[in-house]
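Summary of the model geometry
Listed below are the residues making up each chain.
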Amino acid sequence: MTNSIDFQNLLKRIEKATARLEEVANRRSEQRTQSQSSAAAGDSGSVLADDAGADSKAVTEYLAMVKPLVQKYVECSSKIGGVVGEQAHKVETLFRAQVEFIRIAGLTKKPSGEQLPELIATQQEAIQKIIALRDNNRPSELFDNLSAVAEGASAFGWVVVEPTPVPYINEMKDSAQFYSNRVLKKWRESDENQVEWVKALLGIFRELAAYVKEFHTTGLTWNMRGEDVSTAIAALKGKPVAGVNGSAQAPPPPPPPPPPPPAPSAADTRGKGNALSEDPSESRSALFAQINKGGTVTSGLRHVDKSEMTHKNPDLRAASVVKSSSAQGSSAGSQDAQAQRTATTAAQQRPPRMELEGTKWVVENYGTEHLTIEATETRQTVYVYNCKGTTLEVKNKLNSIAIDGCQKCGIVFDSLVAQCEIVNCKSVQVQTRETVPSIQIDRTDGAHIFLSEAARDSTIITTAKASEVNVSYPFETESIEDENFVEQPVPEQLQTVVKGGKLVTTVLEHAG
């Protein structure tokens, strides 16, 4: 009797366990079906629901590592306000667009070269707006903040960089750090929020590089077993896409095939015998028959007189102009290139301007003119932008001079309190008559610095990504034949070794 009761109790326990397991299995199956349905169709017919890909580790880690710093940056930018706050909202838009893009990558296969621009269009537009906001506010007091963000925003373009996206991000971070250091130098002692702003901005690029290094070392990772990316493109455009249940509208049928080529005319077939016969076997036979004629195959050719030969008649060569087929075939491309050159020229032909805005002299868009500025206060600054072949003379002592995007310009000044900066220039010359504490040269090809005797031993010259930089200064020598002015190049080749666990960099010297 006892054994029977124990056996019945055991059966009841087994039945309860079985029912529990079936309940769990059914629940998981329902959840999987709902997830696939929401990702494939959704209420709006889109293949990408709001939470699509939320369980992907690549997405969750991106949000965990980068999002807090973006929020901190937006918060600090809002406190600064003005154009900095406006630019921060565009960065936030860029961040959200990239989160959605990474979700798409986790659900779809890698797109083709024609499909990729449609997927990154939102990110490209956001980056362009960030840069345009900087370019449209150059006279602003917060120009360094705007420049730091504009230079670093390109780091979000890592999604299309292969196979080394991490070095690309670090390079954009270094460009942003150039301007963020100027922000720190200007506001470190007076505005703690600006310091926090710089930390948050650089932290975004630092964490972005760490994230990409862990999850996308050789480029953005796509789902090899995912859906075709065309479904994602259609979802982004708001077009209905057929889901797994087939309820959505089917795509339109493909266009009809092109019409057949026209039949050859009688003029085209005249003189060709039976080579163009309707029967392919007859055409081949006629062709081989003509080839096998031997020496008589050229009997039908006309003799060309020497007077008609261009290689023996210079006058005929001079009178004959043959149009290149490649030129005719590329007429559309040449028209596009001409339109682009016209647009670039129009952008460069902005009206010249030289005026005092507060304490800043703004000089921009000048050509081969000779300009003069007389500073009335030592706190005044000069900003020179987009000038070509211009000579500018700055009289009296002032705070600083910045030269940006200029070519073949010459700047002469008396004395500066702070520094002279040369950025994005080509073939410029800078001369000081008295003293200048510091000269900074960044991303410049061709710069000639002329130092006075007073500035020779006290001026610090700093270069970064610069080439063909020469420094001239007065120097007396014992030889009478030597000139009093000495010209020396700034070294471009450096040699780095590891010593004692540290990097030691020296100038590379070549034995002559």
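The rules behind each value
Residues numbered from 1 in each chain as written. Predicted model: local features only at pLDDT ≥ 70, side-chain atom pairs only at ≥ 80, totals over all residues. Heavy atoms only, no water. Helix = DSSP H or I, 4+ residues; strand = E, 2+ residues; numbered from the N terminus. Buried < 20%, exposed > 50% of the residue type's maximum accessible area, 1.4 Å probe, protein only. Pairing = 2+ DSSP bridges. Axes fitted to C-alpha atoms, helices over the stretch in contact; angles between N-to-C directions. Salt bridge = Lys/Arg side-chain N within 4 Å of Asp/Glu carboxyl O. Parallel < 35°, antiparallel > 145°, perpendicular 65-115°, else oblique. Left-handed = near helix turned anticlockwise from the far one by under 90°. Contact = heavy atoms within 4.5 Å. Expected span 1.5 Å × (residues − 1). Polar contact = N/O pair within 3.5 Å; in protein donor to acceptor, adjacent residues only side chain to side chain. Core = buried A, V, L, I, M, F, W, Y, C linked by side-chain atoms within 4.5 Å. Phe/Tyr/Trp six-rings, centres within 6.5 Å; stacked < 30°, edge-to-face > 60°. Lys NZ or Arg CZ within 6 Å of the ring centre and 35° of its normal.

Here the bond from E162 into P163 is cis, since omega is 5 degrees, no more than 30 degrees from zero. Within the secondary structure, P163 is located in the loop between α6 (143–153) and α7 (165–187). Phi is positive for N365, close to 65 degrees, though the residue is something other than glycine. If you trace the backbone, N365 turns up in the loop between β2 (360–364) and β3 (370–374). On the accessibility criterion, N365 (12% relative accessible area) is buried. With phi around 50 degrees, K408 is a residue other than glycine that occupies positive phi space. Within the fold, K408 resides in the loop between β6 (400–404) and β7 (410–416).

The next subject is the sheet that holds β3. Spatial strand order, β3-β5-β7-β9-β11-β13-β14: seven strands in an open sheet with mixed pairing. Looking at which strands have only one partner, the edges of the open sheet turn out to be β3 and β14 (485–489). Adjacent strand axes in the sheet meet at a mean angle of 15 degrees, parallel and antiparallel pairs treated alike.

As a further point, take the pattern of salt bridges. For the coordinates displayed, the defined rule picks out 20 salt bridges. In this structure, R138 and D404 form a salt bridge, with 3.1 Å as the shortest nitrogen-oxygen distance. On the criterion of sequence distance, the pair formed by R138 in the loop between α5 (121–135) and α6 and D404 in strand β6 is long-range, its members being 266 residues apart. There is no split in this pair, since R138 and D404 are both buried. As a salt-bridge pair, E355 and R353 come within 2.6 Å of each other at their nearest N and O atoms.

Once that is clear, we can look at the packing of α5 against α6. Between two packed helices, both the angle of their axes relative to each other and the distance between the axes serve to describe the pair. At a minimum axis separation of 9 Å, α5 and α6 run at an interaxial angle of 155 degrees. Regarding the angle of α5 to α6, the classification is roughly antiparallel. Pair α5 / α6 crosses with left-handed handedness. Residue-level inspection shows I127, I130, I131, L133 and R134 of α5 in contact with α6, the latter providing F143, L146, S147, V149, A150, E151 and A153.

Let's shift gears to helix α8 (residues 192–215). Spanning 24 residues, α8 covers 35 Å between terminal C-alpha atoms, matching the ideal 34 Å at 1.5 Å per step. Where α8 starts, the residue carrying a side-chain oxygen 3.0 Å from the main-chain nitrogen of N193 turns out to be D191.

Right, let's get into the sheet that holds strand β4 (residues 381–385). Strand order in the open sheet formed by seven strands is β1-β2-β4-β6-β8-β10-β12, with mixed pairing between adjacent strands. Strands at the two margins of the open sheet, each flanked by one partner only, are β1 (353–357) and β12 (460–464). The mean angle between the axes of side-by-side strands here comes to 10 degrees, regardless of whether they run parallel or antiparallel. With five bridges joining them, strand β8 (residues 419–423) and strand β10 (residues 438–442) adopt parallel strand pairing. Residue pairing for β10: Q419 is matched across the bridge by S438. Of the strands in this sheet, β8 and β10 touch α7, which is tilted by about 160 degrees from β8.

Among the five residues in β4, five count as buried, and that is most of the element. Residues T381, Y383 and Y385 of β4 are buried on one face, and the alternating residues V382 and V384, pointing to the opposite face, are buried as well. As judged from the five bridges shared by β2 and β4, these two strands associate in the parallel manner. Following the sheet pairing, W361 is matched in β4 by V382. One ladder, built from five bridges, connects β4 with β6; its direction is parallel. Residue V384 lies in a different strand from β6, and its bridge partner there is I403.

Residues Y62, V66, Y73, W158, W197, L208 and Y211 are the most contacted members of the largest nonpolar core, which totals 59 residues. Elements with a contribution of two residues or more to this core: α2 (57–80), α3 (82–107), α5, α6, α7 and α8. Broken down by element, this core gets its largest block of residues, 13 residues, from α8. One finds I401, C425, V428 and I449 within the second-largest nonpolar core, a separate group that totals 32 residues.

A separate point is the environment of L416. Considering the arrangement of structural elements, one finds L416 in strand β7. For the pair L416 and S400, spaced 16 residues apart in sequence, the C-alpha separation works out to 5.7 Å. When residues no more than four places from it in sequence are discounted, the contact partners of L416 are L398, N399, S400, I401, T435, V436 and P437.

Another point: the packing of aromatic side chains. In total, this model carries nine aromatic pairs according to the counting rule given. Both rings, one in F178 and one in Y179, keep their centres 5.1 Å apart while their planes meet at 90 degrees; by these two values the pair is edge-to-face. Judged by its relative accessible area of 19%, F178 falls in the buried class. Y179 gets classed as buried once you look at its relative accessible area, which sits at 4%. Centre to centre, the rings of Y383 and Y385 are 6.3 Å apart; their planes meet at 10 degrees, and the pair counts as stacked. Residue class for Y385 comes out buried when judged on its relative accessible area of 17%. Within the aromatic cluster, the residues linked to one another by ring pairs are Y62, F95, W158, Y211 and F215. Taking the ring centre of Y383 as reference, the NZ or CZ of K360 above it sits at 5.7 Å.

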